[in-house]
Amino acid sequence: MNMICIMCPMGCPLTVEENNGVITVQGHTCPRGKKYGEQEFTAPVRVLTTLVKRADGGMASAKTSGPIPKDKVREAAECVGKIVVSADVKIGDIIEENFYADGVNLVITGVAQ
Amino acid sequence: MTKRYDVVVIGGGPAGMAAALSAFEKGAKVLIVERDVRLGGILNQCIHNGFGLHYIGEELTGPEYADRFVKLVESKHIDVMLESMVLRLTADRKVEILCPQGYVTVEAGAVVLAMGCRERTAGAIAVPGTRPAGVYTAGMAQKLCNMKGYLVGKKVVILGSGDIGLIMARRMTLEGAEVELVLELMPYSSGLKRNIVQCLNDYDIPIKYAHTITRLVGSPRLTGLYYAPVDENRNPILEQEQYVECDTLLLSVGLIPENDLLNGLDVEMSPITSGAVVDQNRMTSLEGVFSCGNVLHVHDLVDNVSREAEIAGASAADYAMGALKSGDTISVKAVDGVRYALPQRIAKGNEGKVDVYFRVGDVYKGKRIVVEVDGKEVYSRKTLILAPGEMEKITLTRADITGDVTVRLV
Ligand SMILES: Cc1cc2nc3c(=O)[nH]c(=O)nc-3n(C[C@H](O)[C@H](O)[C@H](O)COP(=O)(O)OP(=O)(O)OC[C@H]3O[C@@H](n4cnc5c(N)ncnc54)[C@H](O)[C@@H]3O)c2cc1C
Ligand code: SF4
């Protein structure tokens with residue numbers, strides 16, 4: 001399987017193969033690329049960054065504090081779209097704990113003015 | 001009475017804040033002038049992550065990256081004027097500002113330009129057809145969506161595969177719109193690979209390279225558009241025109257440094273970067289005026305913006321306090337596939353190292369980056385891939401720089 005490492009802007013082209021249960025990664029420049037290749041091959045994950053509404057009608061931005069399964073991203077985004085947070089949220093506030101992955105929280109990243 | 005500052009920073013984005021902080025660390029009295037209601041610049045609307053991995057060592061979203069700097073600025077004795085727009089800069093460094101208090105003039109020992117850039121608009125690219133509603137720049141759509149919660153359309157085509165366009169393709173998809181197609185005139189994307197993968201491929205959004213829009217249809221609102229592949233000269237092949245229904249067109253066709261303040265001033269400009277020509281201290285040809293961030297050249301990584309701004313800010317402080325001597329400089333030339341290199345000038349005969357940033361003009365595989373001084377090779381590095389969308393950096397030893405420098409690909 002060919003893929004592009006997206007862990008940094010280098011964008012190394014990776015080739016990931018599985019032989020007798022052993023996964024090999026080629027093309028990476030650093031260890032993070034190897035890890036990404038293995039992960040993307042077995043269980044791809046993504047960080048979701050999205051928007052939540054504030055009670056005062058304004059917007060706040062939010063992210064998952066860590067990656068969640070790639071095939072849950074759309075569902076998670078729809079779920080976040082229905083959340084209304086209080087008007088005085090601040091950067092770093094946790095909105096939901098264990099959000100689509102264990103130990104991953106939905107966190108406020110910014111408040112529009 | 002006219003106020004005087006050692007360093008006046010125009011623009012309070014990541015460049016302006018980093019410049020102000022480093023000038024302050026040098027002991028300068030610093031003012032930041034920002035036309036928006038808050039500091040942070042373009043970062044406030046970039047809610048995606050990917051900021052700060054290199055500079056902070058942590059992957060942050062735009063507003064979080066900005067917030068780190070805002071908190072630092074607020075913790076120092078740095079004056080900040082918000083909702084204040086610099087309307088004029090004079091050669092003797094008087095900064096004229098329109099602010100809530102009225103029209104004020106501030107005297108500056110040194111000025112740091114950190115005004116960022118603006119997006120190319122429909123006017124800058126000639127699209128034939130009607131002039132319907134529903135055509136936005138990608139950054140404007142991003143601002144409306146992320147700051148106001150307003151989705152500009154339901155069925156979207158994006159022209160240009162710059163990062164803002166790619167990011168908006170994902171954003172609008174997640175907000176419930178259908179992104180039909182991304183059209184890119186060039187045979188490659190100017191956006192980061194990561195964005196091609198995570199914003200398009202993840203959502204099965206097709207991208208057509210070497211394609212462009214031929215006609216817009218609809219009145220008063222866009223109802224669809226025609227597009228076609230282009231030949232080697234980038235002229236559309238009209239026989240192969242196709243139609244796609246859409247109510248929205250986002251333009252992601254490039255950014256232009258916002259250097260209008262320099263009109264009428266004797267500042268040497270680069271026709272390639274559309275920013276000023278600078279030396280290794282990021283000083284322009286106008287003494288005491290420095291430039292950094294997107295107003296100097298378009299950056300794809302905010303980390304590089306912060307680093308560059310630190311150089312400009314510290315040098316501006318040195319200049320204002322009489323510690324920066326300008327001497328003979330040599331020039332840095334970009335040839336053979338290298339579109340531009342920056343700084344364009346380096347002062348002669350110094351110790352230490354100097355970082356030279358450059359961009360290539362096309363996608364190159366397996367090329368060697370070579371730096372020559374007066375025809376003699378002083379630096380060489382093999383590369384796997386070089387692309388116009390990604391800025392490259394090389395570090396040169398100052399002692400090697402005895403004459404004019406040439407950066408090339410072989
Ligand atoms: C949509 C988008 C996505 C990006 N994604 C990434 C990413 O994923 N990762 C990454 O590392 N980088 C990313 N970047 C790049 C990075 O964010 C920018 O390069 C960086 O924000 C530029 O900083 P700046 O301070 O030069 O400009 P800006 O952030 O544009 O700040 C300029 C400031 O100057 C002010 N100003 C302008 N003119 C005047 C005037 N006359 N008077 C007073 N104030 C003025 C403006 O209001 C603005 O606040 C992205 C950029 C964009 C646009
Ligand atoms: S392998 Fe390492 S250097 Fe290459 S893209 Fe991945 S993280 Fe970056």
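Since we're looking at a predicted model, the values are computed, not measured.

What counts, and where the lines are drawn
Residues numbered from 1 in each chain as written. Chains lettered and ligands numbered in written order. Predicted model: local features only at pLDDT ≥ 70, side-chain atom pairs only at ≥ 80, totals over all residues. Heavy atoms only, no water. Pairing = 2+ DSSP bridges. Helix = DSSP H or I, 4+ residues; strand = E, 2+ residues; numbered from the N terminus. Axes fitted to C-alpha atoms, helices over the stretch in contact; angles between N-to-C directions. Near = heavy atom within 4 Å. Polar contact = N/O pair within 3.5 Å; in protein donor to acceptor, adjacent residues only side chain to side chain. Areas by Shrake-Rupley, 256 points an atom, 1.4 Å probe, with all protein chains shown as cover. Buried < 20%, exposed > 50% of the residue type's maximum accessible area, 1.4 Å probe, protein only. Core = buried A, V, L, I, M, F, W, Y, C linked by side-chain atoms within 4.5 Å. Contact = heavy atoms within 4.5 Å. Salt bridge = Lys/Arg side-chain N within 4 Å of Asp/Glu carboxyl O. Domains from an automatic or database assignment. Buried area = accessible area lost by both parts, 1.4 Å probe. Nonpolar A, V, L, I, M, F, W, Y, C, P; charged D, E, K, R; others polar.

*Asks:* What am I meant to see in the sheet that holds strand β16 (residues 242-245) of chain B here?
*Replies:* To summarise the sheet geometry, strands pair through backbone hydrogen bonds and adopt either a parallel or an antiparallel arrangement. All names here are of chain B. Across the sheet, three strands lie side by side as β14-β15-β16; this open sheet has antiparallel pairing. The open sheet has two edge strands with one neighbour each: β14 (211-217) and β16. Neighbouring strand axes in the sheet, compared pairwise and without regard to direction, differ in orientation by 30 degrees on average.

*Asks:* Would you take a moment to explain the site of ligand 1 for this structure?
*Replies:* All names here are of chain B. Surrounding ligand 1, one finds 32 residues, the nearest of these being Ala-15, Glu-34, Ile-42, Asn-294 and Val-302. Residue Gly-50 places a main-chain N or O atom 3.0 Å away from a nitrogen atom belonging to ligand 1. Val-302 places a polar main-chain atom, nitrogen or oxygen, 2.8 Å from an oxygen atom of ligand 1. Computed on the free molecule, ligand 1 has an accessible area of 1,000 Å², of which 94% lies beneath the protein chains in the complex. Going through the elements one at a time, α1 (14-25), β3 (49-51), β6 (85-89) and α6 (302-320) are the ones with two or more residues in the shell around ligand 1. Sorting elements by how many residues they give to the shell around ligand 1 places α6 first, with three residues.

*Asks:* Sorry, what's going on with the side chain of Ser-315 of chain B here?
*Replies:* Along the chain, the position of Ser-315 of chain B falls in helix α6. With a relative accessible area of 5%, Ser-315 of chain B lands in the buried category.

*Asks:* Help me out: how do you make sense of the nonpolar core in this one?
*Replies:* Generally speaking, a soluble globular protein has its nonpolar side chains buried in company with each other. With 44 residues, the main nonpolar core has Leu-48 and Val-52 of chain A together with Met-172 and Leu-250 of chain B as its most contacted residues. Among the elements that take part in this core, helix α4 (residues 163-174) of chain B stands out by supplying six residues, more than any other. Among residues more than four places away in sequence, those in contact with Met-172 of chain B are Leu-151, Val-152, Gly-153, Val-156, Ala-177, Val-179 and Leu-250 of chain B. Ranked by size, the runner-up nonpolar core spans 37 residues in total, among them Ala-19, Leu-21, Phe-51 and Ala-312 of chain B.

*Asks:* Please clarify how the pattern of salt bridges should be interpreted in this entry.
*Replies:* Two side chains carrying opposite charge are able to pair once their charged atoms lie near each other. What the rule picks out here adds up to 30 salt bridges over all chains. The closest approach of N and O atoms between Arg-4 of chain B and Asp-6 of chain B, which form a salt bridge, is 3.8 Å. Given the relative accessible area of 43%, Arg-4 of chain B is considered partly exposed. Residue Asp-6 of chain B is classed as buried on the basis of its relative accessible area of 17%. Between Glu-241 of chain B and Arg-215 of chain B there is a salt bridge, and its shortest N-O distance comes to 2.8 Å. Residue Glu-241 of chain B is found in the loop between β15 (224-229) and β16, and its partner Arg-215 of chain B is found in strand β14; the two are separated by 26 residues along the sequence. In this structure Glu-241 of chain B comes out as partly exposed when scored by relative accessible area, which is 25%. Shared partners join several salt bridges into a network, and the residues in it are Glu-40, Arg-46 and Lys-70 of chain A together with Asp-202 of chain B.

*Asks:* What am I meant to see in the domain arrangement of chain B here?
*Replies:* Where the parts come together, the accessible area they lose is often given as the size of the interface. Residue and element names in this part refer to chain B. For chain B, the assigned domains read domain 1 (1-118 + 255-326), domain 2 (121-253) and domain 3 (328-410). For domain 1 and domain 3, the distance between their C-alpha centres works out to 25 Å. On the domain 1 side of the interface with domain 3, the three residues burying the most area are Ile-272, Gln-280 and Asp-300, jointly 36% of the side's total. There are one salt bridge connecting domain 1 and domain 3. One salt bridge connects Arg-359 with Asp-300, and the closest N-O pair in it is separated by 3.0 Å. Of the residues assigned to the side of domain 1 that touches domain 3, the class counts are six nonpolar, six polar and four charged.

*Asks:* I keep staring at the interface of chain A and chain B and nothing clicks. Help me out?
*Replies:* With 28 residues of chain A in contact, the opposing surface of chain B contributes 31 residues. Approximately 2,600 Å² of surface area, both sides summed, lies buried where chain A meets chain B, with 58% of it carried by carbon and sulfur atoms. Across the chain A-chain B interface, the total number found is three salt bridges. One salt bridge in this structure joins Lys-63 of chain A and Glu-64 of chain B, with 3.0 Å as the shortest N-O distance. Between chain A and chain B we count five residue pairs in polar contact (both at pLDDT 80 or more) in total. Counting residues per element, the ones that place at least two in the side of chain A that touches chain B are α1 (31-42), β5 (49-54), β6 (59-64), α2 (73-81) and β10 (106-111) of chain A. Taken together, the residues of the side of chain A that touches chain B break down into 16 nonpolar, seven polar and five charged.

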